[in-house]
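Observations on chain architecture
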Amino acid sequence: MWVDQFQRIQFHVPPAPALVQIELNNACNLSCKACPRDELPILQKPMAYEVFKNVLRHLNRLGLKRVDLGGWGEVTVHPEFKQILLDLKNQEFDVSFTTNGLPIKPD
């Protein structure tokens with residue numbers, strides 16, 4: 001009986017994560033009072049596009065296909081955001097992200 005109980009509470013580490021979060025940008029177009037981003041001792045800047053492409057190569061090699069573009073900043077203000085979305089779509093990634101929506105243009 002105790003073996004049954006132990007097996008139910010035992011945590012099984014998966015062989016790989018189901019989802020990878022990539023912080024493309026930690027800068028933002030807003031200054032919300034609830035956001036601690038400005039209190040962090042980090043330089044606020046976008047991830048270099050070449051770094052992103054390298055991360056993408058590693059994800060493909062590992063077979064990981066779920067990506068969340070998130071973090072402390074507004075992802076849509078990244079200068080290569082549109083190209084990054086196209087890269088992910090062309091390589092059949094399942095993509096999610098959170099945005100305040102202000103920088104998004106109809107095009």
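Above this text sits the structure in question.
Here we take up the environment of H78. For H78, the location among the structural elements is in the loop between β2 (66–69) and α3 (81–90). What makes H78 buried here is its relative accessible area of 4%. The sequence separation of H78 and N25 amounts to 53 residues, and the corresponding C-alpha distance is 6.1 Å. Once residues within four sequence positions are removed from consideration, H78 is found in contact with L24, N25, P46, M47 and I84.

So, about the sheet that holds strand β3 (residues 94–97). Here we have three strands laid out as an open sheet, ordered β1-β2-β3, and parallel in their pairing. The sheet is open, and its two borders are formed by β1 (20–22) and β3, each paired with just one other strand. For this sheet, the mean inter-axis angle between neighbouring strands, taken without regard to orientation, is 25°. Sheet topology note: the β1/β2 ladder contains three bridges and is parallel. Across the sheet, Q21 pairs through a bridge with D68, a residue of β2. Strands β2 and β3 of the sheet are contacted by α3, whose axis makes an angle of about 170° with β2.

Looking now at the nonpolar core. I22, F52, L69 and L88 are the most contacted members of the largest nonpolar core, which totals 15 residues. Mapped by element, the contributors of at least two residues to this core are β1, α2 (49–62), β2 and α3. When residues no more than four places from it in sequence are discounted, the contact partners of L88 are F52, L56, V67, L69, F93 and V95.

Procedures and definitions
Residues numbered from 1 in each chain as written. Predicted model: local features only at pLDDT ≥ 70, side-chain atom pairs only at ≥ 80, totals over all residues. Heavy atoms only, no water. Helix = DSSP H or I, 4+ residues; strand = E, 2+ residues; numbered from the N terminus. Buried < 20%, exposed > 50% of the residue type's maximum accessible area, 1.4 Å probe, protein only. Contact = heavy atoms within 4.5 Å. Pairing = 2+ DSSP bridges. Axes fitted to C-alpha atoms, helices over the stretch in contact; angles between N-to-C directions. Core = buried A, V, L, I, M, F, W, Y, C linked by side-chain atoms within 4.5 Å.

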